[in-house]
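Here is how the chains run, residue by residue.
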Amino acid sequence: MHNTESIHKTVERLTKNHKEVYPNIPIHERRIPSLTCLTEIVEVVRSIVFPGYFGNSLVNEDSLIYNTGVCVQKLFHLLSSQIYDALFFEQEEMDSYEGKEEANQLTQSFLDKLPDIKYLLSTDVKALFNTDPSATSFGEIIFCYPAIKAILNYRIAHELYRLKIPVLPRIISELAHSETGIDIHPGAKIGKYFSIDHGTGIVIGQTTIIGDHVTLYQGVTLGARKFILDENGHPKDVPRHPILEDYVTVYSNSSILGRITIGKGTIIGGNVWLTHDVPPNSKIQQTKCCEEA
């Protein structure tokens, strides 16, 4: 039997003078995106980019146009509603009609990028296949590998991030983080033929820049070395993560920190702690020595 008086006291403590007692937990009185709907949006994009592997499993050359059209139309309605809610998430006042028009325009801008997303993911599939001798086919990569799921979520989130859509990019990237253990901030810039092997524990920070044909192994961190604080003591949003040029390989559990540049063709061995620039075509081992390849 519940102690009614005790429950009332708990509720009072949780709610009385909420703004003063819990100043860092603002009551959210506006529209909010749906995690369920955003998960469905990712699944729809997967079925568009990888027809037959997700969604309708009976897609062929004859039905590709029809199935893609149905999925793109569905994506427009789902995404526009979530962008609409995201716009209200950070703005206290907005005209509902103007919000709907802006959401539709942003959604169309994202749809215009779908062919580019599909192309980039096709290069990522090829890179994963080329760097994993245990892979038997492109289809196996698409259907089974957690890395391609994480990269797909990143490429969706990155385009939404570039459109300056609030909150949705972080939610979509965190959906992949929860599912795969791979944490890629949507603000990172990643080129073609990106490969992640195993992947668990990989962290890629917001201002990271990654070139083409880059491979990362499990446990790699591309992070910040230190933060610059503003007048309120909050970290400034400035470039603070590494730049990896083309054809760089980073082996497991290495940490590359700060706004440093890893030159083209460099190989970083496992368990390395790196905080300085590295010239092209270098080999960095745990001893932190640097030698020309």
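None of these values were measured; they are calculated from a predicted model.

Considerations on the overall build of the chain
Here is step 1 of the chain: A count of helices and strands for the chain gives nine helices and 15 strands.
Here is step 2 of the chain: When the backbone C-alpha atoms are referred to their principal axes, the chain occupies close to 70 × 55 × 45 Å.
Here is step 3 of the chain: Counting across all 293 residues of the chain, residues that qualify as buried make up 43%.
Here is step 4 of the chain: The long-range share in the chain, meaning contacts at least 24 apart out of those at least 6 apart in sequence, stands at 46%.
Here is step 5 of the chain: With an accessible surface of roughly 16200 Å², the chain has 53% of that area assigned to carbon and sulfur atoms.

A short note on the packing of aromatic side chains
Here is step 1 of the chain: Here the structure, examined in full by the defined rule, presents five aromatic pairs.
Here is step 2 of the chain: On the numbers, 6.4 Å between centres and 50 degrees between planes, the contact of Phe 50 with Phe 54 is tilted.
Here is step 3 of the chain: By relative accessible area, Phe 54 is classed as buried at 13%.
Here is step 4 of the chain: Relative to Tyr 251, the ring of Tyr 217 lies with its centre 4.7 Å away and its plane at 15 degrees, an arrangement referred to as stacked. Of this pair, Tyr 217 sits in strand S6 (residues 215-217) while Tyr 251 sits in the loop between strand S9 (249-250) and strand S10 (255-257), placing them 34 residues apart in sequence.
Here is step 5 of the chain: Three or more aromatic residues joined by ring pairs form one cluster here, namely Phe 50, Phe 54 and Phe 143.
Here is step 6 of the chain: Over the face of the ring belonging to Phe 54 we find Arg 46, whose NZ or CZ atom lies 5.7 Å from the ring centre.
Here is step 7 of the chain: Lying over the aromatic face of Tyr 84, Lys 100 brings its terminal NZ or CZ to 4.3 Å of the ring centre.

What about the nonpolar core?
Here is step 1 of the chain: Formed by 70 residues in total, the largest nonpolar core has its most connected members in Leu 75, Ile 204 and Leu 216.
Here is step 2 of the chain: The set of elements that each furnish at least two residues to this core consists of helix H3 (35-49), helix H4 (64-90), helix H5 (96-112), helix H6 (114-131), helix H7 (138-144), helix H8 (146-162) and helix H9 (168-180).
Here is step 3 of the chain: The contacts of Leu 216, once residues within four sequence positions are left out, are Phe 194, Ser 195, Ile 196, Asp 197, Ile 202, Ile 204, Leu 222, Leu 244 and Val 250.

Notes on empty space enclosed by the protein
Here is step 1 of the chain: Here the structure, examined in full by the defined rule, presents one cavity of 30 Å³ or more.
Here is step 2 of the chain: Counted as a void, the largest cavity has a volume near 30 Å³.
Here is step 3 of the chain: Secondary-structure elements contributing two or more residues to the lining of the largest cavity are H8 and H9.
Here is step 4 of the chain: Here the element with the most residues in the lining of the largest cavity is H8; it accounts for three residues.

Brief notes about the packing of H3 against H9
Here is step 1 of the chain: Running from N to C, H3 and H9 cross one another at 75 degrees; their axes reach a closest spacing of 10 Å. Looking at the two axes, H3 sits roughly perpendicular to H9. Residues Leu 35, Leu 38, Thr 39, Val 42 and Arg 46 of H3 form the contact with H9, whose participating residues are Leu 168, Ile 171, Ile 172, Leu 175 and Glu 179.
Here is step 2 of the chain: For the contact of H3 with H9, a count of residues per class yields seven nonpolar, one polar and two charged.

Overview of the confidence of the model for the chain
Here is step 1 of the chain: Counting all residues, the mean pLDDT for the chain is 92, and 95% of those residues have values of 70 or more.
Here is step 2 of the chain: A low-confidence stretch, residues 288-293 stays under pLDDT 50, and its non-local contacts, those more than four residues away or across chains, total 17 contacts.

Describing the side chain of Ser 47
Here is step 1 of the chain: Tracing the chain through its elements places Ser 47 in helix H3.
Here is step 2 of the chain: Accessibility expressed as a relative area gives 11% for Ser 47, which makes it buried.
Here is step 3 of the chain: Every residue in contact with Ser 47, bar those within four places of it in the chain, is listed here: Phe 54, Gly 55 and Cys 71.

Some details on the sheet that holds strand S1 (residues 183-184)
Here is step 1 of the chain: Sheet architecture is open: five strands sit in the order S1-S4-S7-S10-S13, paired in parallel fashion. Among the strands making up the open sheet, the edge pair consists of S1 and strand S13 (273-274).
Here is step 2 of the chain: Pairing geometry for strand S7 (residues 221-223) and S10, over three bridges, is parallel. Across the sheet, the residue bridging to Leu 222 is Ile 256, located in S10.

Rules and cut-offs
- Residues numbered from 1 in each chain as written.
- Predicted model: local features only at pLDDT ≥ 70, side-chain atom pairs only at ≥ 80, totals over all residues.
- Heavy atoms only, no water.
- Helix = DSSP H or I, 4+ residues; strand = E, 2+ residues; numbered from the N terminus.
- Buried < 20%, exposed > 50% of the residue type's maximum accessible area, 1.4 Å probe, protein only.
- Contact = heavy atoms within 4.5 Å.
- Areas by Shrake-Rupley, 256 points an atom, 1.4 Å probe, with all protein chains shown as cover.
- Phe/Tyr/Trp six-rings, centres within 6.5 Å; stacked < 30°, edge-to-face > 60°.
- Lys NZ or Arg CZ within 6 Å of the ring centre and 35° of its normal.
- Core = buried A, V, L, I, M, F, W, Y, C linked by side-chain atoms within 4.5 Å.
- 1 Å grid on protein atoms, 1.4 Å probe; cavity = no way out; pocket = protein on both sides within 12 Å on 5 of 7 lines; lining within 4 Å.
- Points joined across faces, edges and corners; volume = space filled by probe spheres on them.
- Axes fitted to C-alpha atoms, helices over the stretch in contact; angles between N-to-C directions.
- Parallel < 35°, antiparallel > 145°, perpendicular 65-115°, else oblique.
- Nonpolar A, V, L, I, M, F, W, Y, C, P; charged D, E, K, R; others polar.
- pLDDT = per-residue confidence, 0-100.
- Pairing = 2+ DSSP bridges.

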